[in-house]
Amino acid sequence: MGRVSQAQAAENRERIVTTAARLFRERGISGVSVADVTAEAGLTHGGFYKHFASKDALVAEAVIRAFAEQAAALGDTASPAALIDAYLSAGHRDEPGSGCPSAGFGGDVARSGGGDATRRAYAAGVEGFAGYLSGGAQPHRPGGETDAGLATLSTMVGALILSRATAGTALSDRILAAARRSLDQDGSDQR
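Residues numbered from 1 in each chain as written. Predicted model: local features only at pLDDT ≥ 70, side-chain atom pairs only at ≥ 80, totals over all residues. Heavy atoms only, no water.

Here we take up the overall build of the protein. For the protein, the helix and strand inventory stands at 10 helices and 0 strands. For the protein, buried positions account for 42% of its 191 residues. Intrachain contacts of the protein at a sequence separation of at least 6 include 66% that bridge at least 24 residues. When the accessible surface of the protein is summed, it comes to about 9800 Å², and 54% of that surface belongs to carbon and sulfur atoms. (Helix = DSSP H or I, 4+ residues; strand = E, 2+ residues; numbered from the N terminus. Buried < 20%, exposed > 50% of the residue type's maximum accessible area, 1.4 Å probe, protein only. Contact = heavy atoms within 4.5 Å. Areas by Shrake-Rupley, 256 points an atom, 1.4 Å probe, with all protein chains shown as cover.)

Here we come to the packing of aromatic side chains. Scanning all chains against the criterion turns up 4 aromatic pairs. Geometrically, the ring pair formed by Tyr-87 and Phe-129 is tilted, given 6.3 Å between the ring centres and 40° between the ring planes. Taken together, the positions of Tyr-87 in helix 5 (residues 80-87) and Phe-129 in helix 8 (residues 115-133) put the pair 42 residues apart, joining distant regions of the chain. By relative accessible area, which is 2% here, Phe-129 ends up buried. (Phe/Tyr/Trp six-rings, centres within 6.5 Å; stacked < 30°, edge-to-face > 60°.)

Let us now look at the nonpolar core. Formed by 42 residues in total, the largest nonpolar core has its most connected members in Phe-24, Leu-58, Tyr-87, Leu-88 and Phe-129. For this core, the secondary structure elements donating two or more residues are helix 1 (6-27), helix 2 (34-40), helix 4 (55-74), helix 5, helix 7 (101-110), helix 8, helix 9 (145-165) and helix 10 (170-186). Tallying contributions element by element places helix 4 first for this core, with 7 residues. (Core = buried A, V, L, I, M, F, W, Y, C linked by side-chain atoms within 4.5 Å.)

Running from amino to carboxyl end, helix 1 crosses helix 4 at an angle of 80°, the nearest separation of the two axes being 8 Å. Classed by the angle they form, the pair helix 1 and helix 4 counts as roughly perpendicular. The segment helix 1 lies against helix 4, with Arg-13, Glu-14, Ile-16, Val-17, Thr-18, Ala-20, Ala-21, Phe-24 and Arg-25 engaging Lys-55, Leu-58, Val-59, Glu-61, Ala-62, Arg-65, Ala-66 and Glu-69. (Axes fitted to C-alpha atoms, helices over the stretch in contact; angles between N-to-C directions. Parallel < 35°, antiparallel > 145°, perpendicular 65-115°, else oblique.)

Taken as a whole, this structure holds 8 salt bridges when the rule is applied. As a salt-bridge pair, Arg-22 and Glu-40 come within 3.0 Å of each other at their nearest N and O atoms. In this pair, Arg-22 sits in helix 1 while Glu-40 sits in helix 2, placing the two residues 18 residues apart along the sequence. For Arg-22, a relative accessible area of 28% gives the class partly exposed. Overall, the relative accessible area of 43% leaves Glu-40 in the partly exposed class. Shared partners join several salt bridges into a network, and the residues in it are Arg-22, Glu-26 and Glu-40. (Salt bridge = Lys/Arg side-chain N within 4 Å of Asp/Glu carboxyl O.)

Next up on the list: the packing of helix 4 against helix 8. Packing of helix 4 against helix 8 brings their axes to within 8 Å, and their N-to-C directions diverge by 10°. The orientation of helix 4 with respect to helix 8, classified from their angle, is roughly parallel. Along the contact surface, helix 4 presents Asp-56, Val-59, Ala-60, Val-63, Ile-64, Phe-67, Gln-70 and Leu-74, while helix 8 presents Gly-115, Ala-117, Thr-118, Ala-121, Tyr-122, Gly-125, Val-126, Phe-129 and Tyr-132. Of the residues that constitute the contact of helix 4 with helix 8, the class distribution is 12 nonpolar, 4 polar and 1 charged. (Nonpolar A, V, L, I, M, F, W, Y, C, P; charged D, E, K, R; others polar.)

Here we take up helix 1. The terminal C-alpha atoms of helix 1 lie 31 Å apart, and with 22 residues this matches the ideal 32 Å at 1.5 Å per residue to within 8%. For helix 1, the set of buried residues is Asn-12, Ile-16, Val-17, Thr-19, Ala-20, Ala-21, Leu-23, Phe-24 and Arg-25. On the buried face of helix 1, the contacting elements are helix 2, helix 3 (48-51), helix 4 and helix 7. Remark: Gly-28 follows helix 1 within two positions and exhibits a positive phi of approximately 90°. (Expected span 1.5 Å × (residues − 1).)

What helix 5 keeps buried is the set Ala-81, Leu-83, Ile-84 and Tyr-87. Looking down the long axis of helix 5, one finds its buried residues gathered within 160° of arc, a one-sided arrangement. (Arc of directions from axis to C-beta.)

All right, on to the confidence of the model for the protein then. Low pLDDT means the predicted coordinates in that region are not meant to be read closely. Mean pLDDT over the protein works out to 89, with 90% of the residues at or above the 70 mark. Within the protein, no element has a lower average pLDDT than helix 5, which sits at 89, and none a higher one than helix 6 (residues 90-93), at 97. Between residues 137-143, whose pLDDT stays under 50, and residues either more than four places distant or in other chains, the model counts 10 contacts. (pLDDT = per-residue confidence, 0-100.)

As C-alpha cells, then:
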C-alpha cells in the first residue's frame, strides 16, 4: 500500500486526537487503549506511532483539544447563568464524552494519567475556564477575581462528578439542583 499524503496524514492525526478527547472523557484514560482510539477513528493501530511518541503524548493533546473545544463553545453561551444551568443539567451529566474536560479528565490526571505534559495542559485549561467564569476570556493571575471563577468552577465540577457517580438515583438530580441554587445564592455566577 502506498504512502499517505501529508494532508491525509494530518487528517488522520486530527481524527485520532478528536476521538481520543471524547473516549478518554467517556471511559477514562486507563479505560481506553491506543487500539480502541484508532479503531474508533477508523484507522489501524499500526500507524499510531507515526503520529505520537506514546499514549501519554496523545493524552496531553486530547486534553488540550477538549479544552479548546470547550473554549470555542463558551463563545456561544448567552450568559454565565445560562452556562451554569447547562453545565449543571441532566443532559451534560449523561454525555461525558462531549462534556467538560475539567470533570472528564480530573480523576485520571489526579492519578498522574497522561504524565506531566497532561497535568500542565489540564492546569492551563482549568485556569482558562476559571478565568472565563470570572468574567474574562483569558486566564488571570492567582488571587483576586480568578478566585471567584475557581470557586464557581470547583462547585460545578464537583457537582457534576457527584451527579454522574449517582446517576440513576434521585440524589443525582438533587446534587445538580443544589449546586445551581448555591451558585445563584452566593452570586458567584454573576446572575
